[in-house]
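The lines below spell out each chain.
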Amino acid sequence: MQFASRVKTITPSSTLQITAKANALKAEGLNVISLGAGEPDFNTPQAIIDAAFRAAESGKTKYTPTAGIPELKKAIVEKLRHDQGLSYHEKNIIITNGAKHALYLIFQAILNPGDEVIIPAPYWVSYPEQVKLADGVPVIIETSEDHDFKITPKQLEAAIHRRTKAVIINSPSNPTGMIYTEDELRAIGRLCQRHGIIVISDEIYEKLVYHGEHAPSIVEVMPEIKDQTIIVNGFSKSHAMTGWRIGYAAADEALIQAMTKVASHSTSNPASVSQYAALEAYTGSKDSVTVMRQAFEERLDKAYERLSKIPGLRCVKPKGAFYFFVHAKDAAINNGFNSVTEWAQALLEEAHVAVIPGEGFGAPDYIRLSYATSLDQILEALDRIEAFIRKHQK
Ligand code: PMP
Ligand code: GLU
């Protein structure tokens with residue numbers, strides 16, 4: 001069978017692929033520690049599970065409106081107002097099958113063939129592939145550790161030209177954990193305003209910030225660009241709800257309608273009971289979100305301290321999300337491997353530690369380690385990584 005060329009131009013999600021491989025090895029009985037998964041290890045808070053049960057039992061098992069149930073839209077509007085000081089209406093919201101689906105719908109709705117989307121690297125693996133799936137062209141801006149992996153206005157300006165349609169800002173960032181400051185966002189916002197470029201603000205790690213950091217939304221600091229900005233957020237990370245598949249976008253009404261049209265012919269509504277679960281997440285107690293955030297902060301500090309002692313690895317301390325983005329090229333070369341990807345492969349096979357090679361994030365000299373797993377497991381994994389590096393030292 002011959003497949004469509006659109007499929008040939010994209011690669012599978014490396015984050016999901018490696019997580020699946022690690023799980024398969026575990027199922028074979030191997031003592032594999034996965035620092036691959038980009039999902040909280042916590043179970044979904046009980047009150048949220050209970051709300052889903054109640055919804056199912058009371059017959060909330062039918063199709064809902066494609067863009068989601070009005071109660072959840074209302075709760076999202078209230079959350080945006082209360083937490084971020086943003087003013088949206090229910091007609092500005094679409095609820096989707098995870099934030100990933102919101103992003104997918106955005107590109108389907110805004111891109112014509114050949115339209116360009118600016119993506120700062122390191123980027124989350126799905127951005128360029130989703131742009132390509134919508135016949136768009138990803139334009140990658142390289143960043144460096146010296147600038148905390150953030151783009152400068154100068155770099156952005158140089159990347160903008162006739163076909164530029166949008167830019168993606170992901171703060172806190174997957175994979176680097178960096179956060180854009182208000183001034184940085186304002187400078188980016190001003191450029192986008194001047195050039196009429198859509199800003200896609202992926203705020204999924206908004207709640208996972210540490211040591212008093214705050215991750216402002218670009219709309220908070222630059223209200224003038226609200227109409228050309230799309231906020232993407234979801235429940236997967238903040239509420240340990242990856243499997244429930246609920247995310248959302250907030251944007252101009254016409255764009256929400258365009259996205260809803262695409263969803264109406266592809267997925268219909270997101271799962272009904274999951275929407276009721278998400279409703280509880282936003283209207284019920286916030287305590288569990290705080291407890292999980294604190295656990296991530298403790299792991300960040302303890303694991304970072306241990307990680308900093310491993311020869312050949314170097315990492316800028318993250319301010320948000322739950323990943324370390326670690327420069328591993330020196331270790332890989334010293335250990336006699338041609339690439340970090342090969343080194344990571346050997347690490348999984350020999351030391352039974354799964355990490356995600358930076359290649360899929362547009363930064364091949366790096367690896368991503370997730371600390372969304374217990375501290376014991378993380379420290380044990382770091383011990384194994386150090387032993388692996390020392391064993392292969394040339
Ligand atoms: N954006 C970023 C930056 C992510 O890391 C993820 C993680 N999966 C998503 C979006 C999508 O999350 P989900 O589809 O589970 O809501
Ligand atoms: N976003 C998470 C990650 O980066 C989950 C997997 C995925 O959807 O890519 O690992």
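Residues numbered from 1 in each chain as written. Chains lettered and ligands numbered in written order. Predicted model: local features only at pLDDT ≥ 70, side-chain atom pairs only at ≥ 80, totals over all residues. Heavy atoms only, no water.

Bringing the overall build of the protein into the picture now. In terms of regular secondary structure, the protein is built from 15 helices and 13 strands. Relative to the globule expectation of 21 Å for 394 residues, the C-alpha radius of gyration of the protein, 21 Å, shows essentially globular dimensions. Per-residue burial for the protein yields a buried fraction of 56% across its 394 residues. Taking all contacts inside the protein whose residues are at least 6 apart in sequence as the whole, residues at least 24 apart take part in 75%. Here the protein displays about 16800 Å² of accessible surface, and carbon together with sulfur accounts for 51% of that area. Separation of charge centres in the protein, based on 42 positive and 46 negative side chains, amounts to 3 Å. (Helix = DSSP H or I, 4+ residues; strand = E, 2+ residues; numbered from the N terminus. Rg over C-alpha atoms; globule rule 2.2 N^0.38 Å. Buried < 20%, exposed > 50% of the residue type's maximum accessible area, 1.4 Å probe, protein only. Contact = heavy atoms within 4.5 Å. Areas by Shrake-Rupley, 256 points an atom, 1.4 Å probe, with all protein chains shown as cover. Lys, Arg positive; Asp, Glu negative; His and termini not counted. Charge placed at Lys NZ, Arg CZ, Asp CG, Glu CD.)

Moving on to the site of ligand 1. Ala 99, Asn 174, Asp 202, Tyr 205 and Ser 236 are the nearest of the 13 residues found near ligand 1. Within the contact set of ligand 1, an oxygen atom lies 3.0 Å away from a backbone nitrogen or oxygen of Lys 100. One of the side-chain nitrogen or oxygen atoms of Tyr 205 is found 2.7 Å away from an oxygen atom of ligand 1. Contact with the protein chains hides 93% of the accessible area of ligand 1, taken as 400 Å² for the molecule alone. The dominant element in the shell around ligand 1, judged by the number of residues it contributes, is helix 5 (residues 98-110), at three residues. Classifying every residue of the shell around ligand 1 gives five nonpolar, four polar and four charged. (Near = heavy atom within 4 Å. Polar contact = N/O pair within 3.5 Å; in protein donor to acceptor, adjacent residues only side chain to side chain. Nonpolar A, V, L, I, M, F, W, Y, C, P; charged D, E, K, R; others polar.)

Turning our attention to the pattern of salt bridges. Where side chains of opposite charge bring their charged atoms close, a pairing between them can arise. Across all of its chains, the model carries 22 salt bridges by this definition. As a salt-bridge pair, Arg 194 and Glu 157 come within 3.5 Å of each other at their nearest N and O atoms. Of this pair, Arg 194 sits in helix 8 (residues 182-195) while Glu 157 sits in helix 7 (residues 153-159), and the two are 37 residues apart along the sequence. Assessed through its relative accessible area of 35%, Glu 157 is described here as partly exposed. Across the pair Asp 383 and Arg 306 runs a salt bridge, and its minimum N-O distance is 3.0 Å. Note that Asp 383 is positioned in helix 15 (residues 375-392) and Arg 306 in helix 12 (residues 287-307), a separation of 77 residues in sequence. Residue Asp 383 is classed as partly exposed on the basis of its relative accessible area, which comes to 39%. Taken together, the salt bridges that share partners define one network made up of Lys 79, Asp 83, Glu 206 and Lys 207. (Salt bridge = Lys/Arg side-chain N within 4 Å of Asp/Glu carboxyl O.)

One broad rule of soluble globular proteins: the nonpolar side chains tend to lie buried together. Ile 200, Phe 324, Trp 343, Leu 369 and Ile 385 are the most contacted members of the largest nonpolar core, which has 85 residues in total. Those residues within four positions of Trp 343 in sequence are excluded, and the remaining contacts are Ala 328, Ala 331, Ala 332, Asn 335, Phe 337, Ile 367, Ile 385, Phe 388 and Ile 389. If you look at the next biggest cluster of nonpolar residues, it comprises 47 residues, including Val 77, Ala 159, Ile 197 and Met 241. (Core = buried A, V, L, I, M, F, W, Y, C linked by side-chain atoms within 4.5 Å.)

Turning next to the site of ligand 2. Around ligand 2, the neighbouring residues are Ser 13, Thr 15, Leu 16, Gly 38, Lys 100, Trp 124, Asn 174, Lys 237, Tyr 323 and Arg 368. Between an oxygen atom of ligand 2 and a side-chain N or O atom of Lys 100, the distance comes to 3.0 Å. Within the side chain of Arg 368, one N or O atom sits 2.8 Å away from an oxygen atom of ligand 2. Notes on ligand 2: free accessible area 280 Å², of which the protein chains cover 87%. Here the shell around ligand 2 is built from residues that sort into three nonpolar, four polar and three charged. Inspection of the shell around ligand 2 shows a minimum of three residues originating in each of domain 1 (5-43 + 287-388) and domain 2 (62-283). (Domains from an automatic or database assignment.)

A few words now on a nonpolar patch on the surface. The grouping of Met 1, Phe 3 and Val 7 at the surface amounts to a nonpolar patch, some 400 Å² of accessible area in total. Inspection of the secondary structure puts Met 1 in the segment before helix 1 (5-8). Met 1 gets classed as exposed once you look at its relative accessible area, which sits at 87%. (Patch = residues over 30% accessible without salt bridge, like charges linked within 9 Å, V, L, I, M, F, W, Y side chains within 5 Å.)

The subject of this paragraph is the pairing of strand 6 (residues 198-202). Counting buried residues along strand 6, five of its five residues qualify, which places the element largely inside the surrounding structure. Neither face of strand 6 is open: one carries Ile 198, Ile 200 and Asp 202, the other Val 199 and Ser 201, and all of them are buried. Pairing geometry for strand 5 (residues 164-170) and strand 6, over five bridges, is parallel. Paired with Ala 166 across the bridge in strand 6 is Ile 198. Once the chain exits strand 5 it traverses helix 8 before rejoining the sheet at strand 6, and the crossover so formed is right-handed. (Pairing = 2+ DSSP bridges. Right-handed = clockwise from strand over helix to strand, strands pointing away.)

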